[in-house]
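# Chain and residue survey
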Amino acid sequence: MTGLTPRVFVDFDGTITKADVGNMFFRKFGNEEESLKAVEKWKDGSLSGAGLLIKEAAFVKVTREEAMGFAKSCEIDGSFKTFLSFCTANEIGVTILSDGLDFYITEILKSNGISGIPFYSNHTRFETTRIEIELPHESDCTKCANCKGYQILTQTGPDDVIVYVGNGYSDRCAVQYADVVFAKDDLLKYCEENNITYYPFDTFDDVLAKFSKITSSGNFRKRHRAELKRREAYLTE
Ligand SMILES: [Mg+2]
């Protein structure tokens, strides 16, 4: 045993859910063409994460009831619940970090019988037939509205081994500080391009197969580059 404790952080859209719920919501109730253009600008760095959300939200026409009905129809990866049970049985903390919106996270977790997991996301205020975005976790990061890297830095301590599971560009800030990374889709490409060690996964069955092996060996190790990045971030604060 290394005396280190794993802390698991999980992305929501396209990681816990089968599809990117935020993108689907903005395409369905907003302006699809404008959303696609804005997402491209965000990916190339010319639009901030906060700017992207506010731009997409400005086109949305939806009532709270319609939005909740849409959320209820979104499916999750069925093996996520098995993964959660494993973490609960082993007293391993799991936190959801999302640059998406709170209303669908709450609704999707509830409709799948998942409770007791903390999550950090952006906030949606419903105004009759439109929405306003509030950013309770805004930081200095220009890439994200709710920076997952910043969340990890503020929520973990020196004895934590940070495990991160994600799939997209909004996970870029998180993985630089994570010791154990599970990646798919755009995040996998990002890890490849930036020499960040990762385990590829498709579903939480794959994550659990690898993670349970690491857990049972008790051999949690910090990733050297992640540790240096964390130290660097604390020093420049
Ligand atoms: Mg995602």
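Here goes a summary of the coordinates provided. (Residues numbered from 1 in each chain as written. Predicted model: local features only at pLDDT ≥ 70, side-chain atom pairs only at ≥ 80, totals over all residues. Heavy atoms only, no water.)

### Some words on the coordination of the magnesium ion
Here is the rule we go by: Sites may look incomplete because water is not among the atoms; the donors themselves are N, O and S atoms within 2.8 Å of the metal, or within 3.2 Å for Na, K and Ca. Every helix listed is a DSSP run of H or I at least four residues long, and every strand listed is a run of E at least two residues long, numbered separately from the N terminus. Only protein chains enter the accessibility calculation, which uses a 1.4 Å probe. A residue is then buried if its area is under 20% of the maximum for its type, exposed if over 50%, and partly exposed in between.
On the protein side, the magnesium ion has Asp 11 (OD), Asp 13 (O) and Asn 167 (OD1) as donor atoms, found 2.1 to 2.2 Å from it. Spacing between the donor residues of the magnesium ion along the chain follows D-x1-D-x153-N. Of this pair, Asp 11 sits in the loop between strand E1 (5–10) and helix H1 (21–29) while Asn 167 is found in the loop between strand E5 (160–166) and helix H8 (172–177), placing the two residues 156 residues apart along the sequence. Among the residues examined, Asp 11 registers a relative accessible area of 3% and is labelled buried.

### Examining the pattern of salt bridges
Where charged atoms of side chains with opposite charge meet at close range, the side chains can pair. Let me state the cut-off plainly: Each reported salt bridge corresponds to a side-chain nitrogen of Lys or Arg within 4 Å of a carboxyl oxygen of Asp or Glu.
This structure, assessed with the given rule, holds 11 salt bridges. Between Lys 18 and Glu 75 there is a salt bridge, and its shortest N-O distance comes to 3.2 Å. Highlighted residues: Lys 18 in the loop between E1 and H1 and Glu 75 in the loop between helix H4 (64–72) and helix H5 (79–89), separated in sequence by 57 residues. A relative accessible area of 52% means that Glu 75 is categorised as exposed. Counted as one network, the salt bridges with shared partners bring together Asp 11, Lys 148 and Asp 171.

### A short note on the layout of surface pockets
Definition in use: Using a grid of 1 Å spacing that covers the protein atoms alone, one calls a set of points a cavity when a 1.4 Å probe fits there but cannot get out, and a pocket when the set is open and has protein on both sides within 12 Å along at least five of seven lines; lining residues are those with an atom within 4 Å of a point. Grid points are joined across faces, edges and corners, and a volume is the space filled by probe spheres set on the points. Note that Gly is not counted as nonpolar here; it falls among the polar residues with everything else outside the nonpolar set of Ala, Val, Leu, Ile, Met, Phe, Trp, Tyr, Cys and Pro and the charged set of Asp, Glu, Lys and Arg.
Approximately 560 Å³ is the volume found for the largest pocket. Elements with a minimum of two residues in the lining of the largest pocket: H1, helix H2 (32–43), helix H3 (49–58), strand E2 (93–101) and helix H9 (185–193). In terms of residue count, H3 provides more of the lining of the largest pocket than any other element does, four residues in total. A breakdown of the residues in the lining of the largest pocket according to their chemical character gives nine nonpolar, nine polar and 12 charged. What lines the second largest pocket is a set of 13 residues, and nearest its centre among them are Asp 140, Cys 141, Tyr 150, Leu 153 and Tyr 177. In terms of residue class, the lining of the second largest pocket is built from seven nonpolar, four polar and two charged.

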